Amino acid sequence: MPSPRRTASPPGEPRRIAYLYLLPGFAVYAAFLLYPLLRSVQLSLYDWDGLTLGRWVGLANYREIISDVGLRAAFGHALVLMVFFAVVPVCVGLLLASVLNRAKVRGLAFFRTVVFLPQVVAMVVVAVAWRRIYGPDGSLNDLLRAIGLDSLARGWLGDYALALPAVGFVGTWFETGLVTVLLLAGMGRINGSLYEAARLDGAGPVREFLAVTLPSVRGEIAVASTLTVIAALRTFDLVYVTTSGGPGNSTSVPSYEVYHRAFELGRVGSAAAIGVTLTLVILAISLVINRIGDRETTR
């Protein structure tokens, strides 16, 4: 009996059939993401108020992002929020997750639910609650007065120097639970024999963390960093509800500037240019984080 002919093509259906399976999902992706993005790029090249006929200005809207002091400050504020939304939660989450994983705390499932709870609450609700906490007669000032620190009480969101850190602290509180749960899941998959080998070599808790825990959860750290960085750069509802970019423009961020210019100033072209620039910044930072994470996990 002759043996069946072998072909060089991979097993299964022809590749063109696979593309047909992908077509519905790609059509939805193109309609709701690619087309609006390309349309935004087109609008960013015009001076348009959203009502009358637009005027071609080329890259003038992008040059304004570089030359305008307020817009440069908005992108700078977004970088500051990255520290509160991403760097601090990852550091705190690493500490909490490593302590909980090492101590084998009872009721760990309940703790995960509690720390993750902010993620299931709408950011608008979070912003309204924290605006009340930060208010002149809010809970924070009441606590300071109760312990004799009346001199520290102030309108936190109305202080030029403290408004941005106050908004950033809300982001820290909001994102720390997500990071902790992600890292706890990653640490739960670490083989216990690695810790035993480290202890046999005389490693203490700190050395165990640096030699075993940290290298094993680099993938989870990359995922957590990507999610929190994106949240920091695209945050709008938190800023809009708490400060509306104020006082002055001390808490203005690019996403708020998109709204402010498009719907309040009628400068749709400028708003589109800011949105496109912000998208590119998010994409670039996400690629760097994932490239570093992939490089470390493959070592």
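These numbers come from a predicted model, not from an experiment.

1. Considering the overall build of the chain
- Of regular secondary structure, the chain possesses 13 helices and 2 strands.
- Computed over C-alpha atoms, the radius of gyration of the chain comes to 25 Å, more than 25% over the 19 Å expected from 2.2 N^0.38 for 299 residues, which places it beyond the range of a compact globule.
- With the principal axes as the frame, the chain shows a C-alpha extent of 80 × 60 × 30 Å.
- Taken across its 299 residues, the chain has 38% of its residues classed as buried.
- Considering only intrachain contacts with a sequence separation of at least 6, the fraction spanning at least 24 residues in the chain is 67%.
- For the chain, the accessible area works out to roughly 18000 Å², and carbon and sulfur atoms hold 66% of it.
- In the chain, 26 side chains carry a positive charge and 19 a negative one; their mean positions are 10 Å apart.

2. Here's the deal with the packing of helix α3 (residues 69-103) against helix α10 (residues 218-234)
- Where α3 meets α10, the axes come as close as 8 Å, and the angle between the chain directions of the two elements is 150°. Taken together, the axes of α3 and α10 lie roughly antiparallel to each other. α10 is crossed by α3, and the crossing has right-handed handedness. For the pair α3 and α10, contact is made by Ala78, Leu81, Met82, Phe85, Ala86, Val90 and Leu94 and by Ile221, Ser225, Thr228, Val229, Ala231, Ala232 and Leu233, respectively.
- Classifying every residue of the contact of α3 with α10 by side-chain character gives 12 nonpolar, 2 polar and no charged.

3. Side note on the pattern of salt bridges
- Applying the stated rule across the entire model yields 8 salt bridges.
- The salt bridge partner of Arg145 is Asp142, with a shortest N-O separation of 3.5 Å. Here the residue Arg145 and the residue Asp142 both occupy positions in helix α6 (residues 139-146), the gap between them amounting to 3 residues, near one helical turn.
- Across the pair Glu257 and Arg261 runs a salt bridge, and its minimum N-O distance is 3.3 Å. Highlighted residues: Glu257 and Arg261, both in helix α12 (residues 254-264), separated by 4 residues, approximately one helical turn. Summarising the burial analysis for this pair, Glu257 and Arg261 share the class buried.
- Via salt bridges that share partners, Glu64, Glu257, Arg261 and Arg267 belong to a single interconnected network.

4. Describing the UniProt feature "transmembrane region" (unreviewed entry) in the chain
- The sites that carry the UniProt feature "transmembrane region" (unreviewed entry) are, in the present numbering, residues 20-38, 74-97, 109-130, 160-185 and 268-289.
- In residues 109-130, the share of helix is 73% and the share of strand is 0%. The end C-alpha atoms are 27 Å apart.
- Annotated as residues 268-289, this span is 100% helix and 0% strand, and its ends, taken at the C-alpha atoms, are 31 Å apart.

5. Regarding unusual backbone geometry
- Backbone torsion omega between Gly246 and Pro247 reads -5°, so that peptide bond is classified as cis.
- Relative to the assigned elements, Pro247 resides in the loop between α11 (237-242) and α12.
- Unlike most non-glycine residues, Ser244 shows phi in positive territory, near 55°.
- One can find Ser244 in the loop between α11 and α12.
- Look at Ser244 and you get partly exposed, because its relative accessible area is 38%.

6. Regarding the side chain of Asn61
- Mapping Asn61 onto the fold places it in helix α2 (residues 60-67).
- In this structure Asn61 touches Ser44, Leu45, Tyr46, Gly269, Ser270 and Ala273, once residues within four positions along its chain are discounted.

7. Focus: the nonpolar core
- Ile65, Tyr134, Leu233 and Leu238 are the most contacted members of the largest nonpolar core, which has 39 residues in total.
- Broken down by secondary-structure element, the contributors of at least two residues to this core are α2, α3, α5 (123-134), α7 (163-188), α10, α11 and α13 (268-297).
- The dominant element in this core, judged by the number of residues it contributes, is α3, at 7 residues.
- In contact with Tyr134, other than residues within four places in its own chain, are Leu140, Arg154, Gly155, Trp156, Leu157, Ala166, Phe169 and Val170.

8. Some thoughts on a nonpolar patch on the surface
- A surface patch of nonpolar side chains, amounting to about 510 Å² of accessible area, comprises Leu20, Leu23, Phe26, Tyr29 and Leu33.
- With respect to the helices and strands, the residue Leu23 is situated in helix α1 (residues 15-43).
- Overall, Leu23 belongs to the partly exposed group, its relative accessible area being 48%.

9. Some points on the packing of aromatic side chains
- Under the criterion given, the structure shown has 11 aromatic pairs.
- Consider the rings of Trp130 and Phe169, whose centres lie 5.8 Å apart with planes at 75°: the pair is edge-to-face. Pair noted here: Trp130 is in helix α5 and Phe169 is in helix α7, with a separation of 39 residues, a long-range link.
- Its relative accessible area of 12% is what places Trp130 among the buried residues.
- The class for Phe169 is partly exposed, based on a relative accessible area of 44%.

Calculation criteria
Residues numbered from 1 in each chain as written. Predicted model: local features only at pLDDT ≥ 70, side-chain atom pairs only at ≥ 80, totals over all residues. Heavy atoms only, no water. Helix = DSSP H or I, 4+ residues; strand = E, 2+ residues; numbered from the N terminus. Rg over C-alpha atoms; globule rule 2.2 N^0.38 Å. Buried < 20%, exposed > 50% of the residue type's maximum accessible area, 1.4 Å probe, protein only. Contact = heavy atoms within 4.5 Å. Areas by Shrake-Rupley, 256 points an atom, 1.4 Å probe, with all protein chains shown as cover. Lys, Arg positive; Asp, Glu negative; His and termini not counted. Charge placed at Lys NZ, Arg CZ, Asp CG, Glu CD. Axes fitted to C-alpha atoms, helices over the stretch in contact; angles between N-to-C directions. Parallel < 35°, antiparallel > 145°, perpendicular 65-115°, else oblique. Left-handed = near helix turned anticlockwise from the far one by under 90°. Nonpolar A, V, L, I, M, F, W, Y, C, P; charged D, E, K, R; others polar. Salt bridge = Lys/Arg side-chain N within 4 Å of Asp/Glu carboxyl O. UniProt positions renumbered as here; feature names shortened; annotations may be inferred. Core = buried A, V, L, I, M, F, W, Y, C linked by side-chain atoms within 4.5 Å. Patch = residues over 30% accessible without salt bridge, like charges linked within 9 Å, V, L, I, M, F, W, Y side chains within 5 Å. Phe/Tyr/Trp six-rings, centres within 6.5 Å; stacked < 30°, edge-to-face > 60°.

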